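Structural description and commentary
Residue-level listing of the chains:
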Amino acid sequence: MCDQTFMAATFGPCDNCSKASPLMNIYIKTEAINYCSFCMEMMACQGLQKGETLVSLKRESDTLKKKLEEERAKLNDVELHQVAEKVEVLGALPIKTRRVLKGHGNKVLCMDWCKDKRRLVSSSQDGKVIVWDAFTLNKEHGVTMPCTWVMACAYAPSGCAVACGGLDNKCSVIPLSLDRNENLAAKKKSVAMHTNYVSGCTFTNSDNQLLTSSGDGSCALWDVESGQLLQSFHGHTADVLSLDLAPSETGNTFVSGGCDKKANVWDMRSGQNIQSFESHDSDINCVKYYPSGDAFASASDDATCRFFDLRADREVAVYQKDSIIFGATTVDFSLSGRLLFAGYNDYTINVWDVLKGTRASCLFGHENRISRVRVSPDGTALCSAAWDNTLRIWA
Amino acid sequence: MSGKMCSSSNSVIQAQKLVDQLRVEASMERFKISLSAADLVKYCQDHRRSDPLLTGIAASSNPFKDKKSCVLL
């Protein structure tokens, strides 16, 4: 993980004594401190003498953490599957492979559906981003990115553009034109700039705002038109691997999951971390909101998927089996939220009954790790992307 | 990890940030699982009929399923 702290020199009013003088700008992972050199030295000396302050702060944070745990434990009056006892058991699910999309030359790392329910965009390790028509298997557009490992791609809500990013540390927006002869790569526009790889991206409710997550530990909200950073979200202490926007029209929160085993919920306007969930034993590879927006699921390298309730502020279900030992890389809910599709590193997709906590089905077919599963916007199909260079449509 | 000059004051600042964050989280209003889980279950039940992957829809209306129709000429 890259070190975020560096020093630069500017001139202006000091944050501490308000006198205008040359400032030492220190960025400590989450906040910028602009002190004049005198106040900086005072702070350093005080830091040494205030060993007690540090200890008392640590004590307070420990007591707060304990209090949080107690509060959360108090709410655990019943398990989710107990509440769901009266719900009828799922029958056999008649889901099988209906289409296989071949064309990528290397591992397919990400995919996203278009709102028109038939087009989808996929990106792969060979740097190619392809827009497909899932009904006809036609490749509508193909763009070659200058970097390999395009780890994130997203379709704009209007269907007129796609965003993609990866090892180039950037997220670019490519407008899709109807003219097939036009060179799309030339119209590519870099929007997001991070200091490490881009792991996830999504448009917000409009084509003009892009939310990205990065290996530099931060998430950021960008204005597509100007490329300006609108808000940044700091709080993860390791790479952020995934993010998902809350489903409501008016909602302005999103959830992110990362290598620090934490899933954080953020307020997009203030940049504030509203809630934090730490119950996984390993990196969280993917997070996805429940369709109602009151909960979310996460997939992790610890071979479990977990379900977190936002209003109870705790984990309410764990989807695991002794026979599943490979990490889960991706999750998505079906339209009603009853089914959770999870892709694993053992090349399978397990379908979990969200309410009862049991496995409803297992989908076989891919010949390498599953990198992404996504249910189509109208819920009729599931698309999975894998390291075997193909995408599959299941219905 | 951070600038060597102010490492001790950095940890004070970091500890302060952590305490502030925990205070924000502690002040959040929480609901019992029996209530919030009931809402989750209700959402599922309300929308189950409109979930094609759950209930399965006829091949004729699902563009991905092959239509098995035989035309007798």
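Residues numbered from 1 in each chain as written. Chains lettered and ligands numbered in written order. Predicted model: local features only at pLDDT ≥ 70, side-chain atom pairs only at ≥ 80, totals over all residues. Heavy atoms only, no water.

Details of the UniProt feature "repeat: WD" (unreviewed entry) in chain A
Selection rule: UniProt positions are given in the numbering used here, feature names are shortened, and annotations may be inferred rather than shown by experiment. Helix numbering and strand numbering both begin at the N terminus, where a helix is a DSSP run of H or I of at least 4 residues and a strand a DSSP run of E of at least 2.
UniProt records the feature "repeat: WD" (unreviewed entry) for residues 101-133, 191-232, 233-276, 277-318, 329-354 and 363-395 of chain A in the present numbering. Between the first and last C-alpha atoms of residues 191-232 of chain A the distance is 14 Å; the span itself is 0% helix and 60% strand.

Structural notes on the interface of chain A and chain B
Applied cut-off: In this description, contact between two residues means that some pair of their heavy atoms is separated by no more than 4.5 Å. In this description, buried area is defined as the sum, over both parts, of the accessible area (probe of 1.4 Å) that is lost when the two are combined. Think of a salt bridge as a Lys or Arg side-chain nitrogen and an Asp or Glu carboxyl oxygen that are within 4 Å of each other. N or O atoms closer than or at 3.5 Å make up a polar contact, with two conditions inside protein: a donor-capable atom paired with an acceptor-capable one, and, for residues adjacent in sequence, both atoms drawn from side chains.
Contact with chain A, which involves 76 residues of that partner, is made by 53 residues of chain B. Around 5,500 Å² of area is buried between chain A and chain B when both sides are counted, 69% of it from carbon and sulfur atoms. Between chain A and chain B we count four salt bridges in total. Note that A:Glu60 and B:Arg23 form a salt bridge whose closest N and O atoms lie 2.5 Å from each other. Joining chain A to chain B, the criterion identifies 12 residue pairs in polar contact (both at pLDDT 80 or more). For the side of chain A that touches chain B, the element with the highest residue contribution is helix α2 (residues 51-74) of chain A, accounting for 11 residues.

Some remarks on the state of the cysteines
All names here are of chain A. Stated precisely, the cut-off is as follows: Put simply, a disulfide is two cysteine sulfurs that come within 2.5 Å.
Scanning all chains against the criterion turns up zero disulfides over all chains. Counting only cysteine sulfurs, Cys153 is the nearest neighbor of Cys110, a cysteine outside any disulfide, at a range of 3.8 Å. Here Cys147 is not cross-linked by a disulfide; its sulfur's nearest cysteine counterpart is in Cys164, at 7.9 Å.

As for the side chain of A:Asn264
All names here are of chain A. Among the secondary structure elements, Asn264 is positioned in strand β19 (residues 263-267). There is a polar contact of 3.5 Å between the side chain of Asn264 and the side chain of His236. Here Ser276 takes part through its side chain, which lies 2.8 Å from a polar atom of the side chain of Asn264. Residues contacting Asn264, with those up to four places away along its chain left out, are Gly235, His236, Phe254, Val255, Ser256, Asn273, Gln275 and Ser276.

What about the nonpolar core?
Where we set the bar: Buried Ala, Val, Leu, Ile, Met, Phe, Trp, Tyr and Cys residues form a nonpolar core when they are joined through side-chain atoms within 4.5 Å. Each residue is assigned to one of three classes by its accessible area relative to the maximum for its type, calculated with a 1.4 Å probe on protein chains only: buried under 20%, partly exposed between the two thresholds, exposed over 50%.
Ranked by size, the top nonpolar core spans 31 residues in total, and within it A:Leu80, A:Tyr290, A:Cys305, A:Phe307, A:Tyr319 and A:Leu340 carry the most contacts. Among the secondary structure elements, those contributing two or more residues to this core are β22 (295-300), β23 (305-309), β24 (314-319), β25 (328-333) and β26 (339-344) of chain A together with α2 (33-47) of chain B. By residue number, the principal contributor to this core is α2(B), which donates five residues.

Looking at the sheet that holds strand β5 (residues 108-113) of chain A
Residue and element names in this part refer to chain A. In plain terms, the rule: Between any two strands, pairing holds if DSSP finds at least two bridges. Axes here refer to lines fitted to C-alpha atoms; in helices the fit is confined to the stretch in contact. Angles between the N-to-C directions go from 0 to 180 degrees.
Overall, antiparallel pairing links the four strands, which are arranged β5-β6-β7-β8 in an open sheet. Two strands lie at the open edges of the sheet, namely β5 and β8 (138-144), each paired on one side alone. The sheet shows a mean angle of 20° between the axes of neighbouring strands, taken without regard to direction. The pairing of β5 with strand β6 (residues 119-124) spans five bridges and is antiparallel. Each residue of the ladder has a partner; that of Val108, found in β6, is Ser124.

Some remarks on the sheet that holds strand β17 (residues 240-245) of chain A
Residues and elements named next belong to chain A. Overall, antiparallel pairing links the four strands, which are arranged β17-β18-β19-β20 in an open sheet. Each edge of the open sheet carries a strand with a single partner, namely β17 and β20 (273-277). Shown here is a sheet whose adjacent strand axes are inclined to one another by a mean of 20°, direction ignored. Two strands pair when backbone bridges link them, and strand β18 (residues 253-258) and β19 are joined in this way by five bridges, in the antiparallel orientation. Across the sheet, residue Val255 finds its bridge partner in β19, namely Val265.

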